[in-house]
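# Fold and contact review
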Amino acid sequence: MSDGKQGALDFIQAQIKELDELFLRASKDLNTVAGAERVAKWQVRLVPLLAQHVGQQEAKRFADIKIGPSFTNDLLEELGDNVEVYRAFLVSLAERVKRLPHS
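About the thresholds
- Residues numbered from 1 in each chain as written.
- Predicted model: local features only at pLDDT ≥ 70, side-chain atom pairs only at ≥ 80, totals over all residues.
- Heavy atoms only, no water.
- Helix = DSSP H or I, 4+ residues; strand = E, 2+ residues; numbered from the N terminus.
- Buried < 20%, exposed > 50% of the residue type's maximum accessible area, 1.4 Å probe, protein only.
- Contact = heavy atoms within 4.5 Å.
- Lys, Arg positive; Asp, Glu negative; His and termini not counted.
- Charge placed at Lys NZ, Arg CZ, Asp CG, Glu CD.
- Core = buried A, V, L, I, M, F, W, Y, C linked by side-chain atoms within 4.5 Å.
- Patch = residues over 30% accessible without salt bridge, like charges linked within 9 Å, V, L, I, M, F, W, Y side chains within 5 Å.
- Areas by Shrake-Rupley, 256 points an atom, 1.4 Å probe, with all protein chains shown as cover.
- Salt bridge = Lys/Arg side-chain N within 4 Å of Asp/Glu carboxyl O.
- Axes fitted to C-alpha atoms, helices over the stretch in contact; angles between N-to-C directions.
- Parallel < 35°, antiparallel > 145°, perpendicular 65-115°, else oblique.
- Nonpolar A, V, L, I, M, F, W, Y, C, P; charged D, E, K, R; others polar.

### Notes on the overall build of the protein
Per the secondary structure count, the protein includes 4 helices and 0 strands. In the protein, the order of α-helices and β-strands from amino to carboxyl end is α-α-α-α. Principal-axis analysis of the C-alpha atoms places the extent of the protein at approximately 50 × 25 × 20 Å. When the 103 residues of the protein are sorted by exposure, 34% land in the buried category. Long-range pairs, those at least 24 residues apart, make up 69% of the contacts in the protein between residues at least 6 apart in sequence. Seen as two clouds, the 14 positive and the 15 negative side-chain charges of the protein have centres 5 Å apart.

Structure, rendered in structure tokens:
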């Protein structure tokens, strides 16, 4: 695996870990409002970093993710659902990067 590909995969894994930690912190603190704010800041900060590590097209796809309304009346569950949307994108992105031809 090329250094660039491995670097991109390491970056994506680090972002998944950070996202999981944000959700875990919100769960432990029982503060979903602050958790949602931290996830939103993470999402905005991640867009230019994705462009740098995996390309502008993937960064745009990530930026274009729209989280729909949720009606569970459980704020932690709603935050978890939102986190899972971002997590699923990153896991899928990692799989696509793994399948890239060697450069």
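### Examining the nonpolar core
If you look at the biggest cluster of nonpolar residues, it comprises 24 residues, and the most contacted ones within it are Ile 12, Trp 42, Leu 50 and Phe 62. Among the elements of the structure, helix H1 (3–29), helix H2 (32–54), helix H3 (56–63) and helix H4 (75–98) are those that each provide at least two residues to this core. Trp 42 has contacts with Gln 15, Glu 18, Leu 19, Leu 22, Phe 62, Tyr 86 and Leu 90, leaving out every residue within four places of it along the chain.

### A closer look at unusual backbone geometry
The residue Leu 30 is not glycine, and still its phi comes out positive at about 55 degrees. Looking at where Leu 30 falls in the secondary structure, it is placed in the loop between H1 and H2.

### Some points on a negative patch on the surface
Residues Asp 74, Glu 77, Asp 81 and Glu 84 make up a contiguous surface patch of negative charge. With respect to the secondary-structure elements, Glu 84 resides in helix H4. For Glu 84, a relative accessible area of 43% puts it in the partly exposed group.

### Some thoughts on the packing of H1 against H4
Interaxial distance between H1 and H4 falls to 10 Å at its minimum, and their mutual angle equals 170 degrees. Taken together, the axis directions place H1 and H4 in an arrangement best described as roughly antiparallel. Contacts from Lys 5, Ala 8, Leu 9, Ile 12, Gln 13, Gln 15, Ile 16, Leu 19, Asp 20, Phe 23, Ala 26 and Ser 27 of H1 reach H4 at Leu 76, Leu 79, Gly 80, Val 83, Tyr 86, Arg 87, Leu 90, Val 91, Leu 93, Ala 94, Val 97 and Lys 98. Among the residues forming the contact of H1 with H4, the class breakdown is 16 nonpolar, 4 polar and 4 charged.

### Here's the deal with the environment of Arg 96
Relative to the assigned elements, Arg 96 resides in helix H4. Overall, Arg 96 belongs to the partly exposed group, its relative accessible area being 22%. Distance from Arg 96 to Thr 72, taken between C-alpha atoms, is 32 Å for residues 24 residues apart in sequence. Dropping the residues within four chain positions of it, Arg 96 is found in contact with Glu 58, Arg 61 and Phe 89.

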